[in-house]
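Structural features, examined
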Amino acid sequence: MKKVILTLAVVATILVSCKGKEEKKVAVIEEVKVEKVVVDSNIDIAASVLLWKGFKPTGSHNGTVKLVSGTMTVENGDLVSGEFVIDMKSITDADGSARLEGHLKNADFFDVEKYSTSKFVITKVEKNEAKLSVTGNLTIKDVTKSITIPASISTVDGVTVFKSETFEVNRADFNVKYGSKSFFDNLKDKFINDNMEFSFEVKSAK
């Protein structure tokens, strides 16, 4: 039985909220209890990335977040389990705005001094031909919820790639309040969309 163990840091976190298409939204339910399994990390952190995008009435912002650590187990080419930790302090804006990056990191948004990491722990994987439906517990700040995302996994030349399609999560479900109509009235056009858009690609080390 061939096993590939990966480690990923998934910051399910950069939530500036995004306006995506309806089909990209994922259902958010209560977390699923799972037994913690400790596995050595084995991913190419430099080649792995989490992308985020958020929207407001006057435009959008996007950027990246780095992986810290995590594990993923693949048996006979099938994804079995995984735990991905994201470095919230590594949030960057694609346009290089230090002001925006600082705002995302402060208490208004992700409060990275208090909540320095986010996490995604896989609890179930369903396969439909080449596509995967991956369910896991997403933790952002002090809230953990179960979500299901579309993804795929492949191995070429000894490198295994776990890649998601673009998916949306409502930041309000994770107590990220700034500029949210879910928490504040009379924002007029100063609001930020609750829905945030994410995608990621994680590669194993050779």
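Residues numbered from 1 in each chain as written. Predicted model: local features only at pLDDT ≥ 70, side-chain atom pairs only at ≥ 80, totals over all residues. Heavy atoms only, no water.

In most cases, non-glycine residues show a negative phi, while peptide bonds are predominantly trans. Phi at Asn 76 is positive, roughly 55 degrees, even though this residue is not glycine. For Asn 76, the location among the structural elements is in the loop between β4 (59-75) and β5 (78-93). Look at Glu 129: it is not a glycine, yet its phi comes out positive at around 60 degrees. Relative to the helices and strands, Glu 129 is located in the loop between β6 (117-128) and β7 (131-140). (Helix = DSSP H or I, 4+ residues; strand = E, 2+ residues; numbered from the N terminus.)

This part is about the packing of aromatic side chains. All chains considered together, the criterion is met by seven aromatic pairs. Taken together, a centroid distance of 5.1 Å and an interplanar angle of 45 degrees make the contact between Phe 109 and Tyr 178 tilted. Linking Phe 109 in the loop between α1 (98-105) and β6 with Tyr 178 in the loop between β10 (167-170) and β11 (195-203), this pair joins segments that are 69 residues apart in sequence. Classification of Phe 109 by relative accessible area gives buried; the value is 2%. According to the relative accessible area criterion, Tyr 178 is partly exposed, its value standing at 34%. (Phe/Tyr/Trp six-rings, centres within 6.5 Å; stacked < 30°, edge-to-face > 60°. Buried < 20%, exposed > 50% of the residue type's maximum accessible area, 1.4 Å probe, protein only.)

Counting residues in hydrophobic clusters, the biggest one holds 38 residues, and the most contacted among them are Leu 79, Phe 110, Phe 120, Val 134, Phe 162 and Val 169. Setting aside residues no more than four positions away along its own chain, Val 134 makes contact with Leu 79, Phe 120, Ile 122, Lys 124, Val 125, Ile 147, Thr 148, Ile 149, Ala 151 and Phe 162. (Core = buried A, V, L, I, M, F, W, Y, C linked by side-chain atoms within 4.5 Å. Contact = heavy atoms within 4.5 Å.)

This brings us to the pairing of β6. One ladder, built from five bridges, connects β5 with β6; its direction is antiparallel. Considered in β6, the bridge of Ile 86 is made with Ser 118. One ladder, built from nine bridges, connects β6 with β7; its direction is antiparallel. Considered in β7, the bridge of Ile 122 is made with Gly 136. With antiparallel pairing between neighbouring strands as the criterion, β6 and β7 make up a hairpin whose turn holds two residues, including Glu 129 at a positive phi of roughly 60 degrees. (Pairing = 2+ DSSP bridges.)

A full pass over the atoms with the stated rule returns eight salt bridges. Linking Glu 113 and Lys 89 is a salt bridge whose minimum nitrogen-to-oxygen distance equals 3.9 Å. Pair noted here: Glu 113 is in the loop between α1 and β6 and Lys 89 is in strand β5, with a separation of 24 residues, a long-range link. Taken together, the shared-partner salt bridges in this structure form one network comprising Lys 163, Glu 201 and Lys 203. (Salt bridge = Lys/Arg side-chain N within 4 Å of Asp/Glu carboxyl O.)

Right, let's talk about the side chain of Asp 111 for a bit. Residue placement: Asp 111 occurs in the loop between α1 and β6. The residues touching Asp 111, leaving out its near neighbours within four places in the chain, are Leu 104, Lys 105 and Asn 106.

Time to look at the environment of Lys 131. Structurally, Lys 131 can be placed in strand β7. Look at Lys 131 and you get partly exposed, because its relative accessible area is 47%. Residues Lys 131 and Ser 164, 33 residues apart in the sequence, show an inter-C-alpha distance of 9.8 Å. Once residues within four sequence positions are removed from consideration, Lys 131 is found in contact with Glu 126, Ala 151 and Glu 165. Of note is the side chain of Lys 131, whose polar atom sits 3.0 Å from the side chain of Glu 165. (Polar contact = N/O pair within 3.5 Å; in protein donor to acceptor, adjacent residues only side chain to side chain.)

Attention now goes to the confidence of the model for the chain. Counting all residues, the mean pLDDT for the chain is 85, and 82% of those residues have values of 70 or more. Within the chain, the lowest mean pLDDT, 40, falls on strand β1 (residues 3-6), and the highest, 97, falls on β7. (pLDDT = per-residue confidence, 0-100.)

If you trace the backbone, Ser 81 turns up in strand β5. Its relative accessible area of 29% is what places Ser 81 among the partly exposed residues. For the pair Ser 81 and Thr 71, spaced ten residues apart in sequence, the C-alpha separation works out to 7.9 Å. Not counting the four nearest positions on each side in its chain, Ser 81 is found in contact with Thr 71, Met 72, Thr 73 and Ile 122.

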